[in-house]
Amino acid sequence: YMLLIKTKRDNILMPLQSVCGIVEKRHTLPILSNVLIEKSGDQLTLLATDIEIQITTATEGAGGDGDGAVTVGARKLQEILRSLPDGVEVSLVLEDKRLQVRAGKSRFSLQTLPADDFPRMTISDGETRQFSISQKAVTLQPGGRASITMPAAGSAVSSATITRCEMPSGIV
């Protein structure tokens, strides 16, 4: 087995909540109900997509044995983490194509799918645009979708189509 992550509950839960809104409960492709968890060094990256939109968030301080990547049911992992007490130390352990969530005496075993099967958007450097917005400019729509309204030049209101969104950890 491999200890993927060992950290406080909120160090996993907060970034997971940032990306979970895009995950649909039922989808024709089962992997789209999953979140991609990647660990490299002490950085933990979570990625979710519905094929049209991709959201990525990263956080530091993810201890563990080594680097690795896996996909696991996003909503189920979120429910498990929410059920655990605040401040508890959580370990995510990969063992025989399953992800074990361990906290104190609690043990949960979740089915995984290979990280290589997770769909990723490819965006060329020429297409990338970065901007900052306030949380007040983001409106959550039914189904976890977000729309963003921002003033354009000349004070007219413009809408933006977002195909990929990266959010720092701690944003809910």
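In the block above lies the structure referred to throughout.
To keep things clear, this report deals only with the structure shown in the data block. (Residues numbered from 1 in each chain as written. Predicted model: local features only at pLDDT ≥ 70, side-chain atom pairs only at ≥ 80, totals over all residues. Heavy atoms only, no water.)

### With respect to the environment of Asp96
Tracing the backbone shows Asp96 in the loop between β6 (89–95) and β7 (98–103). Through-space distance from the C-alpha of Asp96 to that of Tyr1 is 7.4 Å; in sequence the pair is 95 residues apart. (Helix = DSSP H or I, 4+ residues; strand = E, 2+ residues; numbered from the N terminus.)

### Digging into the pattern of salt bridges
Applying the stated criterion to the full structure yields six salt bridges. One salt bridge connects Glu95 with Arg102, and the closest N-O pair in it is separated by 3.9 Å. One network of salt bridges, in which partners are shared, links Arg9, Asp10 and Asp86. (Salt bridge = Lys/Arg side-chain N within 4 Å of Asp/Glu carboxyl O.)

### Observations regarding helix α1 (residues 9–20)
Compared with an ideal rise of 1.5 Å per residue, which puts twelve residues at 16 Å, α1 spans 16 Å between its outermost C-alpha atoms and is within 8% of the ideal. For α1, the tally of buried residues reaches nine of twelve residues, placing the bulk of the element in the interior. Along α1, the residues classified as buried are Arg9, Ile12, Leu13, Pro15, Leu16, Gln17, Ser18, Val19 and Cys20. (Expected span 1.5 Å × (residues − 1). Buried < 20%, exposed > 50% of the residue type's maximum accessible area, 1.4 Å probe, protein only.)

### Overview of the packing of α1 against helix α2 (residues 74–83)
Running from N to C, α1 and α2 point in directions that differ by 140°, and their axes come no closer than 10 Å. When the interaxial angle is binned, α1 and α2 end up oblique. Regarding α1 and α2, the two cross each other, and that crossing is left-handed. On α2, the residues that touch Arg9, Ile12, Leu13, Leu16, Gln17 and Cys20 of α1 are Ala74, Arg75, Leu77, Gln78, Leu81 and Arg82. Of the residues that constitute the contact of α1 with α2, the class distribution is seven nonpolar, two polar and three charged. (Axes fitted to C-alpha atoms, helices over the stretch in contact; angles between N-to-C directions. Parallel < 35°, antiparallel > 145°, perpendicular 65-115°, else oblique. Left-handed = near helix turned anticlockwise from the far one by under 90°. Contact = heavy atoms within 4.5 Å. Nonpolar A, V, L, I, M, F, W, Y, C, P; charged D, E, K, R; others polar.)

### Observations concerning the pairing of strand β8 (residues 106–113)
In summary, the side chains of a regular strand alternate between the two faces of the sheet. As paired elements, strand β5 (residues 68–73) and β8 share two bridges and run antiparallel to each other. The partner of Thr71 across the bridge, within β8, is Leu113. In terms of strand pairing, β7 meets β8 through six bridges, oriented antiparallel. Within the sheet, the bridge partner assigned to Val101 lies in β8 and is Phe108. The antiparallel pairing of β7 with β8 creates a hairpin that spans two residues between the two strands, and Gly104 there sits at a positive phi of about 60°. (Pairing = 2+ DSSP bridges.)

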